[in-house]
Amino acid sequence: MPDLIKEIEKRKTFGIISHPDAGKTTLTEKLLLFGGAIQEAGAVKSNKIKKGATSDFMEIERQRGISVATSVLAFEYKGHKINILDTPGHKDFAEDTYRTLTAVDSVIVVIDVAKGVEEQTEKLVQVCRMRNIPMLVFINKLDREGKDAFDLLDEVEQKLGLSVVPLSLPIGMGSDFQGIYNIWENNIQLFLEEKKQKVGDTVKFDNINDAAIDELIGEKAAQTLRDELELVQSVYPEFNREDYMNGDLQPVFFGSALNNFGVRELLDAFIEIAPMPQPKESDTRLVKPEENTFTGFVFKIHANMDPKHRDRLAFVKIVSGTFKRNENYLLVREGKKMKFSSPNAFFADKKEVVDESFPGDIVGLHDTGSFRIGDTLTGGEKLSFKGIPSFSPEHFRYINNNDPLKAKQLAKGIDQLMDEGVAQLFTLEMNNRKIIGTVGALQYEVIQYRLEHEYGAKCTYEPLSMHKACWVEADEKSEEFKEFARLKQRFLARDKYNQLVFLADSSFTIHMTQEKFPNVKLHFISEFNQE
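A few points on the structure.

Here is what the cut-offs are and how they apply
- Residues numbered from 1 in each chain as written.
- Predicted model: local features only at pLDDT ≥ 70, side-chain atom pairs only at ≥ 80, totals over all residues.
- Heavy atoms only, no water.
- Axes fitted to C-alpha atoms, helices over the stretch in contact; angles between N-to-C directions.
- Helix = DSSP H or I, 4+ residues; strand = E, 2+ residues; numbered from the N terminus.
- Parallel < 35°, antiparallel > 145°, perpendicular 65-115°, else oblique.
- Contact = heavy atoms within 4.5 Å.
- Nonpolar A, V, L, I, M, F, W, Y, C, P; charged D, E, K, R; others polar.
- Pairing = 2+ DSSP bridges.
- Core = buried A, V, L, I, M, F, W, Y, C linked by side-chain atoms within 4.5 Å.
- Buried < 20%, exposed > 50% of the residue type's maximum accessible area, 1.4 Å probe, protein only.
- Domains from an automatic or database assignment.
- Expected span 1.5 Å × (residues − 1).
- Phe/Tyr/Trp six-rings, centres within 6.5 Å; stacked < 30°, edge-to-face > 60°.
- Salt bridge = Lys/Arg side-chain N within 4 Å of Asp/Glu carboxyl O.
- Polar contact = N/O pair within 3.5 Å; in protein donor to acceptor, adjacent residues only side chain to side chain.

## Overview of the packing of helix α2 (residues 24-34) against helix α10 (residues 263-273)
Then, in step 1: For the pair α2 and α10, interaxial distance at closest approach is 10 Å and the crossing angle is 75°. Between α2 and α10, the interaxial angle falls into the category roughly perpendicular. On the side of α2, the interface is formed by Leu27, Lys30, Leu31 and Phe34, while α10 contributes Val263, Arg264, Leu266 and Leu267.
Then, in step 2: Here the residues of the contact of α2 with α10 are counted per class, giving six nonpolar, no polar and two charged.

## A closer look at the sheet that holds strand β31 (residues 521-523)
Then, in step 1: Strand order in the open sheet formed by eight strands is β27-β24-β26-β25-β29-β30-β28-β31, and the pairing between neighbours is antiparallel. Of all strands in the sheet, those with a lone pairing partner are β27 (459-463) and β31, marking the two edges. Neighbour to neighbour, the strand axes of the sheet diverge by 40° on average, direction disregarded.
Then, in step 2: The pairing of strand β28 (residues 468-473) with strand β30 (residues 500-504) spans four bridges and is antiparallel. For Lys468, the partnering residue across the bridge sits in β30 and is Ala504.

## Digging into the nonpolar core
Across soluble globular proteins, nonpolar side chains show a tendency to be buried alongside one another.
Then, in step 1: One finds Val107 and Phe254 to be the most contacted residues of the largest nonpolar core, which totals 58 residues.
Then, in step 2: Summarising the domain contributions, this core has at least three residues from each of domain 1 (1-170 + 243-273) and domain 2 (280-378).
Then, in step 3: With near-sequence residues (within four places) excluded, Phe254 lies in contact with Phe138, Ile139, Leu142, Ala149, Leu153, Ser168, Leu169, Pro170, Ile180 and Gly262.
Then, in step 4: One finds Leu27, Leu31, Ala257 and Val263 within the second-largest nonpolar core, a separate group that totals 30 residues.

## A closer look at unusual backbone geometry
Then, in step 1: With phi around 65°, Asn326 is a residue other than glycine that occupies positive phi space.
Then, in step 2: Structurally, the position occupied by Asn326 is in the loop between β16 (323-324) and β17 (328-331).

## Some remarks on helix α12 (residues 442-455)
Three- or four-residue spacings in an α-helix give side chains the same orientation, since the helix completes a turn every 3.6 residues.
Then, in step 1: The end-to-end C-alpha separation of α12 is 19 Å, in line with the 20 Å expected for 14 residues at 1.5 Å each.
Then, in step 2: Here α12 lies mainly inside the structure; ten of its 14 residues are buried.
Then, in step 3: Of all the positions in α12, only Leu442, Gln443, Tyr444, Val446, Ile447, Tyr449, Arg450, Leu451, Glu454 and Tyr455 are classed as buried.
Then, in step 4: Note on α12: the residue one or two positions beyond its end, Gly456, has a positive phi of about 65°.

## Observations regarding the pairing of strand β4 (residues 106-112)
Then, in step 1: Burial runs high along β4: seven of the seven residues are buried.
Then, in step 2: Judged by which residues are buried, β4 turns out to be covered on both faces: Ser106, Ile108, Val110 and Asp112 on one side and Val107, Val109 and Ile111 on the other are all buried.
Then, in step 3: As judged from the five bridges shared by strand β1 (residues 11-18) and β4, these two strands associate in the parallel manner. Counterpart to Ile16 in the pairing with β4 is Ile108.
Then, in step 4: Across six bridges, β4 lies against strand β5 (residues 135-140) in parallel orientation. Its bridge partner lying in β5, Asp112 is registered against Asn140.

## Considering the packing of aromatic side chains
Given two aromatic rings, their pairing is described by the distance between the two centres and the angle made by the two planes.
Then, in step 1: Scanning the entire structure with this criterion turns up 15 aromatic pairs.
Then, in step 2: With 6.0 Å between their ring centres and 45° between their planes, Phe481 and Phe484 make a pair best called tilted. Residue Phe481 and its partner Phe484 are located together in helix α13 (residues 479-487), separated by three residues, close to a single helical turn.
Then, in step 3: For Phe484, a relative accessible area of 0% puts it in the buried group.
Then, in step 4: Ring pairs connect the aromatic residues Phe294, Phe323, Tyr329, Phe340 and Phe371, which therefore count as one cluster.

## Here's the deal with the pattern of salt bridges
Then, in step 1: A full pass over the atoms with the stated rule returns 22 salt bridges.
Then, in step 2: The salt bridge involving Asp268 is made with Arg264; its shortest N-O contact spans 2.4 Å. Placement of both Asp268 and Arg264 in helix α10 is noted, with a separation of four residues, approximately one turn of the helix.
Then, in step 3: For Asp268, a relative accessible area of 7% translates into the label buried.
Then, in step 4: Of the residues examined, Arg264 reaches a relative accessible area of 24% and is grouped as partly exposed.

## Thoughts on the environment of Asp3
Then, in step 1: Summarising the element assignment, Asp3 is placed in the segment before α1 (4-10).
Then, in step 2: Only 3.0 Å separates the side chain of Asp3 from the backbone nitrogen of Ile5, close enough to count as a polar contact.

Structure (structure tokens):
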């Protein structure tokens, strides 16, 4: 029996977030390369090579080159077990990303040196700040012309509200890019000249005024570097791990993931400073990783990982104790015991069955439809982890069956895709018409594509102009509620879990409804206690 505390200390579970195209998937791959988990990187952008990035395994992602579903990748590096959750950068899949952030202990934020801080990054960082998740910033694509390093650091501080401390500095940029000075380890990593594709040696220095630096990168660049380092020391705070762990200080690294540049430095510093699995709040108490009894929660469900076998995998983040194969665990919401004969762990692009897993790990459990997102599994204790809500959708369409003979397949497909949290289904009370609500318009294409290719069902959509879905909290026996239901009956629906939802056509309607029916509460998040 491995020592639980030792196993916990070995683990680092983190998410990578960014705006689309900042190079997140490339960085994920290069981390796997350094961990020896894969032998070569898939050419993400090149369609000539149909390999595709290791972490994008769904067909529709391959076609579009964007990560639609969050992937889980694990590898070993220098005695640590590292679990990466790669998240979709595209804003239409933000909800998947928000949920994934409930399962990580820290985050790496990737920023494109030319574009700087972009809108999607701002939103995601805001979520991390709300939860005080430790963040590390990686400024990517230094082999291209981009903004000045200090302007970028200012932008990160102002737009993201972070307080940064650079732990490395670029020497030149774009065509003048020569390498990186690693403040954390006092060394310089050089770029070899062959088409800037090769990473040269790393040279260690005890003293920044060493004359050998001038020989290495030229006097002018060396002088600039010294001035910049002086500036860093006078302007930025010293790195303090406690501040970083509390989410009050964010270290910044520079590099170019495509050219393997600065990635090892990032990884080495990361395993030294990033937090191991952290305690998590439940509805009854704080659960600590080192407790002996297993607890965990489902933060993602993925249908048809393998189209040949209709399987669904529920991704469970282990919070405490040891998860063992073939042991009975309690699915708290349903009060029923379940056991799992083939729990999967993810090692780069392979799934393998594991006998035991520890806090910080992500296991994939084969699911016949029992799980929902947010479910808690325990060794028997009745507790639920909080903070995995559904958000109010912003796009609404009626969904129609395009092939009457396939009604059953369509119903099953919609049911399973909604369980995954791809979108939300609302059924109108008055005529049972089905409405699909999503956070982003691109979801509709994904749903249509997957219904046809995975379930053999065809659907069409009809537009519907709605502003927001509000979950209703009220005493359904009260006269006030009955009056509300009578007036608004055309706009009342049930969600998949039979909760009452009011579909409002404008923010004005919501405002007026709240004034007129003060005891009928409207919520924009399905878990009311989360707001």
